[in-house]
Amino acid sequence: AEVRPYGELRGIGLRIAAELRRRDLARGDRFAVMMRNQPELVEAVAAASATGTVFVPVDPRTRADKLAFMLADAGCRGLICADHSLAEVAEAWASSPGLEWVLALETGEELDAPALDDVDGVESLRAVLDGPVPSLGGAPARGEDPLQISYTSGTTGDPKGVVGSNARFVLAGMTWLLFGYQPDERPYTGLSMAHNNAWAVTLMPSLFLGLRAVMSRRFTKSRLWEVVRRYDCTTLSLVGGMATAIYSDPARPDDADNPVRTVVSGGMPAAI
């Protein structure tokens, strides 16, 4: 497990913000973020808000052709990714003339992930994270300023970018009222932060209330109850067929032995 205190999240966010400024990203400029549920993804978003820039979340499983389309369509000047996505990033970068730089996080999670030196022009995000916490200066984003361009799945054509403001993220932090989160809540998600559910149901309410959220790099049905027991998670979020998959598991003697009080599900089948 990797633990990130709130103060460290802020400090790393400021380091990334200073790097965005160093690369001449001005208010309204776009950059993409392509990684699993690493803490650095959250900190890159904090950096975007601190600088008035706009982040474009990309699912780390995205293929090069779709990635190149999103980079061009959003007008991304840079990309922050994890090393396990470098092969697709390299291919997409070759056909994305507007992309000026790539910062990659060395995770060590995939043995066959390309080394940063194998992709021309890629620089290490670790070098940015290890620096001193800067005094950023300048005005942060305003509520009405855009913060995110989130792309649809593209099932009926090319994906379409949906713009979300800083104020929208603040409002997402208030969904704890809708879900009835308590002061001792510990939300869990294994859903990708490249999509909005993990932000609206888990992360933003936790930031708003100062909760201790638990996030897996990716969802694993077979380990769901092990994770929520180990970390005393009181609520979890599901989408699509996840609920059906979980309910289809054979009953176990310890099924009821878990701390979960609430399940928030998008698309819960009526039969369940």
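Now for a description of the structure that goes with this document. (Residues numbered from 1 in each chain as written. Predicted model: local features only at pLDDT ≥ 70, side-chain atom pairs only at ≥ 80, totals over all residues. Heavy atoms only, no water.)

### Considerations on the sheet that holds strand E9 (residues 214-215)
Then step 1. Strand order in the open sheet made by the four strands is E9-E8-E10-E11, with parallel pairing throughout. Edge positions in the open sheet fall to E9 and strand E11 (262-266), since each of these has one partner strand only.
Then step 2. Both strand E8 (residues 187-189) and E9 contribute to a ladder of two bridges, which runs parallel. Of the residues in E9, the one forming a bridge with Thr-189 is Met-215. (Pairing = 2+ DSSP bridges. Helix = DSSP H or I, 4+ residues; strand = E, 2+ residues; numbered from the N terminus.)

### Quick notes on the packing of helix H3 (residues 64-74) against helix H4 (residues 86-94)
Then step 1. Viewed as axis vectors pointing N to C, H3 and H4 meet at an angle of 55°, and their least axial separation amounts to 8 Å. By the angle class used here, H3 and H4 are oblique. Read as a crossing pair, H3 and H4 show a hand that is right-handed. Residues Ala-64, Leu-67 and Ala-68 of H3 form the contact with H4, whose participating residues are Glu-88, Val-89, Glu-91 and Ala-92. (Axes fitted to C-alpha atoms, helices over the stretch in contact; angles between N-to-C directions. Parallel < 35°, antiparallel > 145°, perpendicular 65-115°, else oblique. Left-handed = near helix turned anticlockwise from the far one by under 90°. Contact = heavy atoms within 4.5 Å.)

### Observations regarding the nonpolar core
Then step 1. If you look at the biggest cluster of nonpolar residues, it comprises 46 residues, and the most contacted ones within it are Ile-16, Phe-31, Phe-55, Ile-80, Tyr-188 and Trp-199.
Then step 2. Beyond its immediate stretch of four places on either side in the chain, Ile-16 contacts Glu-40, Glu-43, Ala-44, Ala-47, Ile-80, Val-128 and Leu-129.
Then step 3. With 26 residues, the next largest nonpolar core counts Ala-32, Met-70, Leu-79 and Trp-93 among its residues. (Core = buried A, V, L, I, M, F, W, Y, C linked by side-chain atoms within 4.5 Å. Buried < 20%, exposed > 50% of the residue type's maximum accessible area, 1.4 Å probe, protein only.)

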